[in-house]
Amino acid sequence: MKTVIARSPLISFFVMAFLFSWIAVLPLILNPQFPVEPFQILGALAGPTLSAVIVIAVVDGRSGLREFFKRYIQWRAGWVWWLIVLFGALLALNIFASIILGASVWSEFLGNIGLVLVTYLVNLVAGVILGPLWEEPGWRGFALPRLQRQYGPLIGTIILGVLWALWHFPGFLGGWMTGGLLPLIVSGIAFSILATWIYNNTRGSILLLILFHSSSNASISVGARVLPTDLSPTMQAFVFSGWIPALTFAAIALIVVIATRGQLSYNRE
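This structure is a prediction, so every number in the text was calculated from the model and none was measured.

J.: I tried to follow the overall build of the chain on my own but got confused; where do I start?
T.: The helix and strand inventory of the chain stands at 14 helices and 0 strands. Relative to the 2.2 N^0.38 estimate, which gives 18 Å for 269 residues, the radius of gyration of the chain is 19 Å and therefore close to what a compact globule would have. Dimensions of the chain along its principal axes, counting C-alpha atoms only, are 60 × 45 × 30 Å. A separation threshold of at least 6 residues defines the contact pool for the chain, and within that pool the share at least 24 residues apart is 79%. As displayed, the chain offers around 13,200 Å² of accessible surface, 70% of which is attributable to carbon and sulfur atoms. Charge centroids of the chain, computed over 14 positive and 8 negative side chains, lie 15 Å from each other.

What follows is the structure in structure tokens.
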């Protein structure tokens with residue numbers, strides 16, 4: 001097994017990440033009455049994080065593990081990147097939603113700004129342990145730098161985005177994923193492009209990627225609270241299938257790709 005992992009670390013990581021996670025959430029699929037959160041955490045921890053630790057231990061040994069865990073607390077980055085990580089998704093989603101659904105989104109948002117921000121920050125902090133803390137070390141902390149080296153920043157990121165989205169597939173079988181698979185794949189690719197861009201500009205900080213993932217989840221959760229109440233059934237289906245986050249991330253990702261000429265600020269050295 002060590003020989004297989006050493007020869008194909010990336011493939012080994014993805015196979016284990018999918019296998020371990022899907023086995024962990026299988027009881028929830030068989031019995032939807034179980035609480036979602038414990039299995040959600042277990043699926044993320046037993047999948048991406050554990051798989052990354054196993055592969056790093058085999059390929060790079062203790063020194064590799066030390067370097068890996070050190071990036072959990074790597075907080076040094078420019079204040080602009082902290083603002084992007086903590087509030088970029090919240091602003092972008094509301095701007096895009098107001099373009100699609102009307103200015104009432106912003107009036108509702110600004111009219112309840114105190115409650116919205118408190119709810120958002122609580123969701124951001126609490127949401128870390130529901131997935132990002134256990135997912136990002138594997139996806140972006142381990143797989144991303146290797147995919148960038150092997151396939152380049154853009155293609156490597158697209159591969160990761162598709163696989164990351166498909167990793168969520170048991171959620172549709174168990175009913176805790178309520179959006180559509182296609183917008184999830186679009187979101188997965190677009191979000192991954194933004195995450196790679198942030199990763200490459202923060203010296204590979206796993207901490208900032210965990211916070212960016214959680215802030216995006218919190219933004220989507222809070223955004224649902226400021227939507228207009230008079231949406232048509234067609235527009236409700238469009239919104240709640242996940243297309244507003246998907247198209248928002250896609251629009252910003254396209255700008256980043258063009259601005260960085262597809263390099264996403266990647267420096268091979």
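J.: Quick question: what am I supposed to make of helix α9 (residues 153-167) here?
T.: One turn of the α-helix equals 3.6 residues, which is why residues spaced by three or four share an orientation. Between the first and last C-alpha of α9 there are 21 Å, a value that for 15 residues agrees with the 21 Å anticipated at 1.5 Å per step. Along α9, the residues classified as buried are P153, G156, T157, L160, G161, W164, A165 and W167. Projected onto a plane normal to the axis of α9, the buried residues spread over an arc of 160° and lie on a single side. Tucked into the core, α9 has its buried residues touching α2 (9-30), α3 (36-59), α8 (132-151), α10 (170-174), α11 (181-201) and α12 (206-223).

J.: Would you mind showing me how to read a nonpolar patch on the surface here?
T.: A cluster of nonpolar residues, W22, L166, F169, L173 and L181, forms a patch on the protein surface that exposes about 420 Å² of accessible area. Along the polypeptide, W22 turns up in helix α2. The exposure class of W22 is partly exposed, given its relative accessible area of 34%.

J.: Can you help me understand the environment of I220 in this one?
T.: Its place among the elements puts I220 in helix α12. Once residues within four sequence positions are removed from consideration, I220 is found in contact with L93 and P245.

J.: When you look at unusual backbone geometry in this model, what are you seeing that I'm missing?
T.: A negative phi angle characterises most non-glycine residues, just as the trans form characterises most peptide bonds. Notably, R203 is not glycine yet its phi reads approximately 60°, a positive angle. Its location among the elements puts R203 in the loop between α11 and α12. Its identity is not glycine, yet S265 carries a phi of approximately 65°, on the positive side. Of the residues examined, S265 reaches a relative accessible area of 30% and is grouped as partly exposed.

J.: Looking at this model, I keep getting lost on the nonpolar core. Mind explaining?
T.: Nonpolar side chains tend to gather and get buried jointly when the protein is soluble and globular. In terms of nonpolar packing, the biggest core is built from 52 residues, with F13, F14, W139, F142 and A143 touching the most fellow members. Not counting residues within four places of it along the chain, the set of residues in contact with F13 comprises P48, S51, A52, V55, G138, W139, F142 and A143. Formed by 9 residues, the second largest nonpolar core is a distinct cluster that contains F96, L101, L227 and I244.

J.: So what exactly am I meant to see when it comes to the side chain of S192 here?
T.: Position of S192 among the secondary structure elements: in helix α11. One polar contact links the side chain of S192 to the main-chain carbonyl oxygen of G188, over a distance of 2.6 Å.

J.: What exactly am I supposed to notice about the packing of aromatic side chains here?
T.: Geometrically, a pair of aromatic rings is defined through the distance of the ring centres and the angle of the planes. This model, assessed by the stated rule, comprises 17 aromatic pairs. Geometrically, the ring pair formed by F87 and Y120 is tilted, given 6.1 Å between the ring centres and 40° between the ring planes. One end of the pair, F87, is in helix α5 (residues 79-101); the other, Y120, is in helix α7 (residues 113-127), and 33 residues separate them in sequence. For F87, a relative accessible area of 30% translates into the label partly exposed. Grouped by ring-pair contacts, the aromatic residues F13, F14, W139, F142 and W167 constitute a single cluster. One cation-aromatic arrangement involves R140 over W164; the distance from NZ or CZ to the ring centre is 4.7 Å.

Definitions and cut-offs
- Residues numbered from 1 in each chain as written.
- Predicted model: local features only at pLDDT ≥ 70, side-chain atom pairs only at ≥ 80, totals over all residues.
- Heavy atoms only, no water.
- Helix = DSSP H or I, 4+ residues; strand = E, 2+ residues; numbered from the N terminus.
- Rg over C-alpha atoms; globule rule 2.2 N^0.38 Å.
- Contact = heavy atoms within 4.5 Å.
- Areas by Shrake-Rupley, 256 points an atom, 1.4 Å probe, with all protein chains shown as cover.
- Lys, Arg positive; Asp, Glu negative; His and termini not counted.
- Charge placed at Lys NZ, Arg CZ, Asp CG, Glu CD.
- Expected span 1.5 Å × (residues − 1).
- Buried < 20%, exposed > 50% of the residue type's maximum accessible area, 1.4 Å probe, protein only.
- Arc of directions from axis to C-beta.
- Patch = residues over 30% accessible without salt bridge, like charges linked within 9 Å, V, L, I, M, F, W, Y side chains within 5 Å.
- Salt bridge = Lys/Arg side-chain N within 4 Å of Asp/Glu carboxyl O.
- Core = buried A, V, L, I, M, F, W, Y, C linked by side-chain atoms within 4.5 Å.
- Polar contact = N/O pair within 3.5 Å; in protein donor to acceptor, adjacent residues only side chain to side chain.
- Phe/Tyr/Trp six-rings, centres within 6.5 Å; stacked < 30°, edge-to-face > 60°.
- Lys NZ or Arg CZ within 6 Å of the ring centre and 35° of its normal.

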